[in-house]
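A closer look at the structure
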Amino acid sequence: MAAGGSAASRGPGPVKVTIAALTARSLLGRRRSLLLALLALLPVAIAILVRLSGKAGADQEIATAIMDRLIVTTLLPIVALVFGTAALGAELEDGTAVFLLVKPIDRWRIVVAKLTVAIGLSVALVAPASFVAGAILGVGGTGLTGAIGAAVGTAIGATVYATVFFALSLVTGRALAIGLIYILVWEGVLAGLLDGTRVFSIRQYTLSISAAITNPGVTDPNLLDARTALVLAIVAIVAAAVIAVRRLASFEIGQADD
Amino acid sequence: MSPNVDAPLWGPGSVHAGRGPAPRVLTPGAAVELLGVSRWYGNVVAVNDISFVLGSGVTGLLGPNGAGKSTILHMIAGLLRPSDGVVAIRGGSSWRNPAIYRDLGLVPERESVHSFLTGFQFAQLNARLQRLPDPDAAARRAIATVGLTDAADRAVGTYSKGMRQRVKIAGALVHDPSILLLDEPFNGMDPRQRLQMMELLGRMADEGRVILFSSHILEEVERLAQNVLVIVSGRLAASGDFREIRRLMTDRPHTFTMRSSDDRRLAAALVGHPSVFGVQLDQGRLSVRTSDYAGFARALPGLARAGGVSILELRPTDEDLESVFGYLVQR
């Protein structure tokens, strides 16, 4: 057993594990992860209050407001934005990624390791919160189908968001600001108003997939077809990951003031 | 249109087809070579047509701030793409070629270590990313080389500036590279730390490594480097043996301003000395121009004593690096 372990440490896998472990430590070691955890607990706390006030079952509108407005439109993209941009983009900005770049490691491995952590942490924070909130509010009627739908939908949404924001942070140094504008202006306002923009809305992918799991067979004219949404989500993830790898492969350090 | 369009710009046996005197052929076996390398940012030229070959030993990359030293180091380290020319590490391009990092270590100028890591953890991390067979042993060895063993288990965030510099070096040499690049390694260090760092770099050079470090401080380069590359405004102003360049720097005309108990009498005494070719008395200040720095320095006390003048102040007016470099560029 021990011999197998030491041989494995020379393979390509552990390099990714090493990078991933460092990234996770870096992302979780900071004060913002506590803040994000509190943010994730907020919808759960509100759901408990709603349930205690006895309105949950009767009023699906309150449930939808919490699940859609609070979780899918706010918590999900913000958590993914923070983790997605901090995992690599912020380290390239502040110089802590340089030691990683000057190693005999293919750049795509660095992207895969760091992106995996950004996605993993985003999903780990958002999906349980939406599952618990969904279960407490009794979304989609009795049973846990609604909560499962919410968890799966937000997990997929978190994956798309984190990947897109990760790529964005390799394209521009202002990824956090641009990401926020995208969340507030595009996802928050425009994508709800204009029909044709739905295919470019990550929020739509999330809601469509959640709805399809919660109420299979029911089509909502305000949402994308779930299969289309899933295909678009995969296309977005692959495209963003490819952009990220290409950007890192030809990454140039900022002009130093030497 | 051009008849030379098919001729290779560089390569074994080929000669640069364009203008310019330098034949563009990579030197076989060179550890680090720059061949006609330029780098520009938009309209700003940061590095302009630089060529050099580095061999083993310590080479100082000397130049004032903003001369392009970091740009050159970053191009060698594969972190910047040359706009023109070739940067080769052991014959292979440094751009988009992670394989070069097996034999190259970079110590960047910026604070670039996660502050939550301990010194040992940082070295170990570098060893793991280099896929070394025994990362722990390599990390311990690197930490010992830079003299951080006692502080190895403390977080880098608690380190002094000099220790942080050294832990970066530990990370860069954990895989025992033959090429080591250091960007302003002495910045922010106190004199004792500087001395330790110089000893460390000297020791590593004695082991046959190729070491290139940048500095804007003449004395650092003088004490450490056998060879020097002087960079001014993105151009290679001088290169070669340090003593030769030092001689060029010392033999240039120097100007001193003085205050003394009797400026007029001192001026009369100085003007007769062969090392002095100009004396000026202006608003109670005496300035003297000399072409022979050492001769003047030796003669001055005797001349003053003979004239019965005591010197109250002697100050070189153009000793700042900018003027030294400016002089080298004009030559």
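**So, the overall build of chain A**
A count of helices and strands for chain A gives eleven helices and zero strands. Across chain A, helices and strands are ordered from the amino to the carboxyl terminus as α-α-α-α-α-α-α-α-α-α-α. Counting only C-alpha atoms and orienting by the principal axes, one finds that chain A spans roughly 65 × 50 × 35 Å. By residue count, 47% of the 258 residues in chain A fall in the buried class. For chain A, the share of sequence-separated contacts (at least 6 apart) that also reach a separation of at least 24 residues comes to 79%.

**Digging into helix 11 (residues 226-249) of chain A**
Residue and element names in this part refer to chain A. Between its first and last C-alpha, helix 11 extends 35 Å over 24 residues, near the 34 Å set by a 1.5 Å rise per residue. For helix 11, every residue scored as buried is listed here: Ala226, Ala229, Leu232, Ala233, Ile237, Ala240, Ala244 and Leu248. Those residues of helix 11 that are buried lie in contact with helix 7 (107-137), helix 8 (145-171) and helix 10 (202-214).

**Things to note about the sheet that holds strand 2 (residues 44-54) of chain B**
Residues and elements named next belong to chain B. Spatially, four strands are ordered 2-1-4-5 in an open sheet, and the strand pairing comes out antiparallel. Strands with a single pairing partner mark the edges of an open sheet, and in this sheet they are strand 2 and strand 5 (92-93). Both strand 4 (residues 84-89) and strand 5 contribute to a ladder of two bridges, which runs antiparallel. Its bridge partner being in strand 5, Ile89 is matched across the sheet by Gly92.

**Thoughts on the interface of chain A and chain B**
At the junction of the two partners, chain A supplies 27 residues and chain B supplies 33 residues. Elements with a contribution of two residues or more to the side of chain A that touches chain B: helix 2 (12-28) and helix 6 (98-101) of chain A. Ranked by residue count, the leading element in the side of chain A that touches chain B is helix 2 of chain A, at six residues. A per-class count over the side of chain A that touches chain B returns 13 nonpolar, seven polar and seven charged.

**Thoughts on the pairing of strand 8 (residues 210-215) of chain B**
Residues and elements named next belong to chain B. Where burial is concerned, most of strand 8 is hidden: six out of the six residues are buried. Of the two faces of strand 8, both are covered, the one formed by Val210, Leu212 and Ser214 as well as the one formed by Ile211, Phe213 and Ser215. Pairing between strand 3 (residues 57-62) and strand 8: six bridges, direction parallel. Within strand 8, the residue paired with Gly57 across the bridge is Val210. Tracing the backbone out of strand 7 (residues 179-182), into helix 5 (residues 191-206) and back to the parallel element strand 8 gives a crossover that is right-handed.

**A word on the pairing of strand 7 of chain B**
Looking down a regular strand, the side chains alternate between one sheet face and the other. Residues and elements named next belong to chain B. Alternating residues of strand 7 divide into Ile179 and Leu181 and Leu180 and Leu182, and every residue in both groups is buried. Alignment of strand 6 (residues 104-107) against strand 7, held across four bridges, turns out to be parallel. Across the sheet, residue Gly105 finds its bridge partner in strand 7, namely Leu180.

**What about the sheet that holds strand 7 of chain B?**
Residue and element names in this part refer to chain B. Ordered in space as 6-7-8-3-9-10, the six strands form an open sheet in which the pairing is mixed. The strands lining the two open edges of the sheet, one partner per strand, are strand 6 and strand 10 (235-241). Ignoring which end each strand starts from, the neighbouring axes of this sheet average 15° apart. Relative to strand 9 (residues 227-232), strand 3 runs parallel, the two being bridged by four bridges. Within the sheet, the bridge partner assigned to Thr59 lies in strand 9 and is Asn227. In the packing of helix 1 (residues 69-76) onto the sheet, contacts are made with strand 3, strand 7, strand 8 and strand 9, and the angle to strand 8 comes to roughly 150°.

**Observations concerning the domain arrangement of chain B**
Residues and elements named next belong to chain B. With domains assigned, chain B is organised as domain 1 (1-103 + 177-247), domain 2 (115-170) and domain 3 (252-330). Taken together, the contacts link seven residues of domain 1 with five residues of domain 2. Here the residues of the side of domain 1 that touches domain 2 sort into three nonpolar, three polar and one charged.

**A look at the confidence of the model for chain B**
Mean pLDDT over chain B works out to 86, with 88% of the residues at or above the 70 mark. What the predictor reports for the complex is a pTM of 0.83 with an ipTM of 0.89.

**Remarks on the packing of helix 8 of chain A against helix 10 of chain A**
In a packed pair of helices, the relevant descriptors are the angle between the two axes and the axis-to-axis distance. Residue and element names in this part refer to chain A. The N-to-C vectors of helix 8 and helix 10 enclose an angle of 155°; their axes lie 8 Å apart at closest approach. By the angle between their directions, the pair helix 8 and helix 10 is classed as roughly antiparallel. Read as a crossing pair, helix 8 and helix 10 show a hand that is right-handed. Counting all contacts with helix 8, which are made through Thr145, Gly146, Ile148, Gly149, Ala150, Val152, Gly153, Thr154, Ile156, Gly157, Val160 and Tyr161, the residues of helix 10 involved are Ile202, Tyr205, Thr206, Leu207, Ile209, Ser210, Ala211, Ile213 and Thr214. Residue composition of the contact of helix 8 with helix 10, by class: twelve nonpolar, nine polar and no charged.

**Let's talk about the confidence of the model for chain A**
Across chain A, the average pLDDT comes to 88, with 91% of residues at or above 70. A low-confidence stretch, residues 1-12 of chain A stays under pLDDT 50, and its non-local contacts, those more than four residues away or across chains, total five contacts.

**Focus: the nonpolar core**
Residues Val79, Phe83, Val126, Ala158 and Phe166 of chain A together with Ala170 and Leu181 of chain B are the most contacted members of the largest nonpolar core, which totals 157 residues. If you count residues domain by domain, this core takes at least three from each of domain 1 (1-103 + 177-247) and domain 2 (115-170) of chain B. Beyond its immediate stretch of four places on either side in the chain, Leu181 of chain B contacts Leu73, Ile76, Ala77, Leu106, Val107 and Leu212 of chain B. The next biggest cluster of nonpolar side chains, apart from the first, holds 13 residues, and it includes Met258, Ala267, Leu270 and Ala304 of chain B.

**A word on helix 2 (residues 119-129) of chain B**
Residues and elements named next belong to chain B. By the criterion of burial, helix 2 is predominantly enclosed, with ten of the eleven residues buried. Taken together, the buried positions of helix 2 are Gly119, Phe120, Phe122, Ala123, Gln124, Leu125, Asn126, Ala127, Arg128 and Leu129. Looking one or two residues past helix 2, Arg131 carries a phi angle of roughly 55°, positive in sign.

**Overview of unusual backbone geometry**
Most peptide bonds adopt trans geometry, and most residues besides glycine take a negative phi value. All names here are of chain B. Of note, Arg90 is a non-glycine position whose phi angle comes to about 45°, a positive value. On the secondary structure map, Arg90 appears in the loop between strand 4 and strand 5. A positive phi is found at Glu184, a non-glycine position, where the angle reads about 45°. You can see Glu184 is positioned in the loop between strand 7 and helix 5.

**Topic: the environment of Ile100 of chain B**
All names here are of chain B. Within the fold, Ile100 resides in the loop between strand 5 and strand 6. For Ile100 and Pro177, which are 77 residues apart along the polypeptide, the C-alpha to C-alpha distance reads 10.0 Å. Here Ile100 is in contact with Gly78, Ile89, Gly92 and Ser94, once residues within four sequence places are set aside.

**Details of the packing of helix 3 (residues 31-52) of chain A against helix 7 of chain A**
Residues and elements named next belong to chain A. Between helix 3 and helix 7, whose axes approach to 8 Å, the crossing angle comes to 5°. Considered as vectors, helix 3 and helix 7 are oriented roughly parallel to each other. In this structure, helix 3 contributes Leu36, Ala37, Ala40, Pro43, Val44, Ala47, Ile48, Val50 and Arg51 to the contact, and helix 7 contributes Leu125, Val126, Ala129, Val132, Ala133, Ile136 and Leu137. Taken together, the residues of the contact of helix 3 with helix 7 sort by class into 15 nonpolar, no polar and one charged.

Analysis parameters
- Residues numbered from 1 in each chain as written.
- Chains lettered and ligands numbered in written order.
- Predicted model: local features only at pLDDT ≥ 70, side-chain atom pairs only at ≥ 80, totals over all residues.
- Helix = DSSP H or I, 4+ residues; strand = E, 2+ residues; numbered from the N terminus.
- Buried ≥ 20, exposed ≤ 12 C-beta atoms within 10 Å, placed from the backbone.
- Contact = placed C-beta atoms within 7 Å.
- Expected span 1.5 Å × (residues − 1).
- Pairing = 2+ DSSP bridges.
- Nonpolar A, V, L, I, M, F, W, Y, C, P; charged D, E, K, R; others polar.
- Right-handed = clockwise from strand over helix to strand, strands pointing away.
- Axes fitted to C-alpha atoms, helices over the stretch in contact; angles between N-to-C directions.
- Domains from an automatic or database assignment.
- pLDDT = per-residue confidence, 0-100.
- Parallel < 35°, antiparallel > 145°, perpendicular 65-115°, else oblique.
- Left-handed = near helix turned anticlockwise from the far one by under 90°.
- Core = buried A, V, L, I, M, F, W, Y, C linked by C-beta atoms within 7 Å.

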